[in-house]
Amino acid sequence: MIRYLTEHYELLGNAFAEHLWLVLVTLVLSLLVSALLSLVLIRSEKASNLVIQLFGVIYSIPSLALFAILIPVTGLGDKTAILVLCAYNQYLLLRNILTGMRNVDRNLLEAGTGMGMSSWQLLRTVQIPLAMPSILAGIRLSIISTTGITTIAAAIKAGGLGTVLFSGMRTMNVYKILWGTILCVVIALIADLGLKQIENRVEKKLGGMRTEA
Amino acid sequence: MKAVELVHVDQKFPNMSYKALDDVSLKIEQGEFVTILGSSGCGKTTLIKMINRLYQPDKGEIRLFDEEISKKDPVQLRRKIGYVIQQIGLFPHMTVYENIATIPRILKWDKTKIEEKVQEMLHLVGLEPKEYRNRYPAQLSGGQQQRIGLARALICDPDIMLLDEPFGAIDAINREKLQNELKSIHSKSKKTYLFVTHDIREAFKLGTRVIVMNRGKILQYDTPEEIRQNPADGFVSDLIQTMEDAPGTGNEEL
Ligand SMILES: Nc1ncnc2c1ncn2[C@@H]1O[C@H](COP(=O)(O)OP(=O)(O)OP(=O)(O)O)[C@@H](O)[C@H]1O
Ligand SMILES: [Mg+2]
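These lines cover the structure that appears in this document, whether it is placed above or below. Please read all numbers here as calculations on a predicted model, not as lab measurements.

**Some thoughts on the interface of chain A and chain B**
Line of reasoning, step 1. At the interface, 24 residues of chain A touch 25 residues of chain B.
Line of reasoning, step 2. Taken together, both faces of the contact between chain A and chain B bury some 2,100 Å²; the carbon and sulfur share is 68%.
Line of reasoning, step 3. At the surface where chain A touches chain B, the tally comes to one salt bridge.
Line of reasoning, step 4. Between A:Glu110 and B:Lys49 there is a salt bridge, with its nearest N and O atoms 2.6 Å apart.
Line of reasoning, step 5. Applying the counting criterion to the chain A and chain B interface returns four residue pairs in polar contact (both at pLDDT 80 or more).

Take a look at the structure:
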């Protein structure tokens with residue numbers, strides 16, 4: 001097992017790096033998109049629910065099917081993969097960002113508005129900071145979900161640990177399958193634990209401060 | 001000059017058997033301290049929120065210093081109006097200092113000026129700056145939170161102050177003290193105060209004039225003496241009776 005790792009260090013390392021890269025690019029892009037969408041959608045509860053529902057439907061489509069649908073349009077490769085992964089993430093991110101901002105105590109918004117904060121100032125200094133725990137939870141979920149789905153993206157030649165897994169399955173190589181899986185879990189676990197830490201810290205900073213009348 | 005003027009203002013909310021404001025007209029001179037008295041649900045908060053445009057009236061006009069407010073930019077308008085909301089509404093993720101400094105920071109005041117002003121405000125509401133400035137709202141008692149709310153509303157020296165039951169969570173002794181302090185802040189400032197309460201003693205003690213409301217209507221709007229001597233109707237005289245029946249306890253709630 002360990003010997004397999006030392007012998008195929010380069011193969012596994014490259015796949016791991018590719019995988020990490022895909023997850024990272026996806027995260028950055030999908031955060032950008034969801035942030036922009038949230039800014040627009042926060043103004044209308046109806047529209048937000050509709051859009052979240054729409055992405056919910058997309059989220060429920062199996063990734064292999066979605067890749068297949070897109071191949072004629074965007075072709076094989078990582079571009080298609082990232083597009084699909086971003087679309088999946090929108091559901092997790094938008095849901096958490098928007099509900100986080102919506103759940104901010106109405107009285108705080110009224111106090112802020114009443115003393116002359118513009119809706120943008122209110123968003124920046126009150127709504128977003130108070131929604132932070134929920135936003136971070138969304139990011140954590142989306143990294144974990146992306147890490148998993150990215151393995152499937154190897155089927156459309158996007159690279160990453162999926163390549164190792166698929167070739168392991170084809171050649172019945174247990175080591176490959178095991179190492180591919182372990183490295184995936186490592187990414188997900190590190191993201192999970194790291195972000196939980198940050199969440200806890202933010203939560204502590206906001207800690208107990210929500211008991212306010 | 002009239003600081004506040006409402007002309008035939010109506011406001012109805014869905015699912016209500018009566019109007020929250022029912023043909024309300026009133027004039028408040030600059031420098032007055034007007035208290036608004038009435039039982040729960042009679043429209044006191046609604047009246048207050050009309051003035052800083054948190055609500056738009058269904059009908060009627062509202063003027064501040066002879067200017068119709070529906071034509072003005074609401075954000076700019078609100079920065080000249082101090083507002084203490086009934087639910088206190090301190091930002092839980094900000095310290096006392098940051099809460100009080102919210103609008104000065106937005107207005108980009110000089111840092112030392114903000115620092116000085118916040119100190120001044122904390123002294124004004126009877127809290128030692130050193131001890132309280134870095135606390136979070138959750139680390140304060142209800143009464144202390146209300147004082148911070150008051151400090152936050154006063155810091156920009158607004159022309160009009162809207163205070164919605166600002167002393168609701170404060171015990172009788174401290175309430176008495178704060179009432180006196182507020183009164184002296186007001187008389188020094190020459191600004192116009194609107195103060196909501198359902199404590200009749202508080203209303204009569206603080207108000208240069210008192211508005212008595214019931215079910216969205218103004219029943220009487222006059223000086224405390226005049227209301228006491230010539231109550232407009234049965235509701236008002238019953239109200240005065242409750243105060244006279246229990247002299248000296250100082251905290252009658254409707
Ligand atoms: N945003 C709103 N939507 C629907 N109904 C409202 C709204 N605001 C107030 N009302 C209703 O209007 C009426 C007057 O409410 P308001 O808050 O002005 O009462 P109040 O005199 O301030 O009472 P309290 O002393 O309990 O604070 C109430 O019946 C209330 O239910
Ligand atoms: Mg009220």
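Text resumes after the structure shown.
**What about the sheet that holds strand S8 (residues 192–197) of chain B?**
Residues and elements named next belong to chain B.
Line of reasoning, step 1. One open sheet holds the six strands; their spatial order is S6-S7-S8-S3-S9-S10, and the pairing between them is mixed. At either end of the open sheet lies a strand with only one pairing partner, and these are strand S6 (81–84) and strand S10 (217–222). Here the average twist between neighbouring strands, direction ignored, is 15°.
Line of reasoning, step 2. Inspection of the sheet shows strand S9 (residues 209–214) paired to S10 by five bridges, in the antiparallel sense. Following the sheet pairing, Val210 is matched in S10 by Asp222.
Line of reasoning, step 3. Across the face of the sheet, helix H7 (residues 142–154) comes into contact with S6, strand S7 (160–164) and S8 while running at roughly 170° to S6.

**Digging into unusual backbone geometry**
Line of reasoning, step 1. Here A:Lys157, not a glycine, exhibits a phi torsion of approximately 65°, which is positive.
Line of reasoning, step 2. Within the chain, B:His8 stands out as a residue other than glycine whose phi angle is a positive 45°.
Line of reasoning, step 3. What makes B:His8 partly exposed here is its relative accessible area of 47%.

**Looking at the site of ligand 1**
Residue and element names in this part refer to chain B.
Line of reasoning, step 1. Residues in close proximity to ligand 1 total 16 residues, the closest being Ser40, Lys44, Thr45, Thr46 and Gln86.
Line of reasoning, step 2. The contact in question runs from an oxygen atom of ligand 1 to an N or O atom on the backbone of Gly43, over 3.0 Å.
Line of reasoning, step 3. Measuring from an oxygen atom of ligand 1, one finds a side-chain N or O atom of Glu165 at 3.4 Å.
Line of reasoning, step 4. Contact with the protein chains covers 69% of the free accessible surface of ligand 1, which is 640 Å².
Line of reasoning, step 5. For the shell around ligand 1, the class distribution of residues is six nonpolar, eight polar and two charged.

Reading guide: rules and limits
- Residues numbered from 1 in each chain as written.
- Chains lettered and ligands numbered in written order.
- Predicted model: local features only at pLDDT ≥ 70, side-chain atom pairs only at ≥ 80, totals over all residues.
- Heavy atoms only, no water.
- Contact = heavy atoms within 4.5 Å.
- Buried area = accessible area lost by both parts, 1.4 Å probe.
- Salt bridge = Lys/Arg side-chain N within 4 Å of Asp/Glu carboxyl O.
- Polar contact = N/O pair within 3.5 Å; in protein donor to acceptor, adjacent residues only side chain to side chain.
- Pairing = 2+ DSSP bridges.
- Helix = DSSP H or I, 4+ residues; strand = E, 2+ residues; numbered from the N terminus.
- Axes fitted to C-alpha atoms, helices over the stretch in contact; angles between N-to-C directions.
- Buried < 20%, exposed > 50% of the residue type's maximum accessible area, 1.4 Å probe, protein only.
- Near = heavy atom within 4 Å.
- Areas by Shrake-Rupley, 256 points an atom, 1.4 Å probe, with all protein chains shown as cover.
- Nonpolar A, V, L, I, M, F, W, Y, C, P; charged D, E, K, R; others polar.

By themselves, these are just geometric observations and shouldn't be taken as functional.
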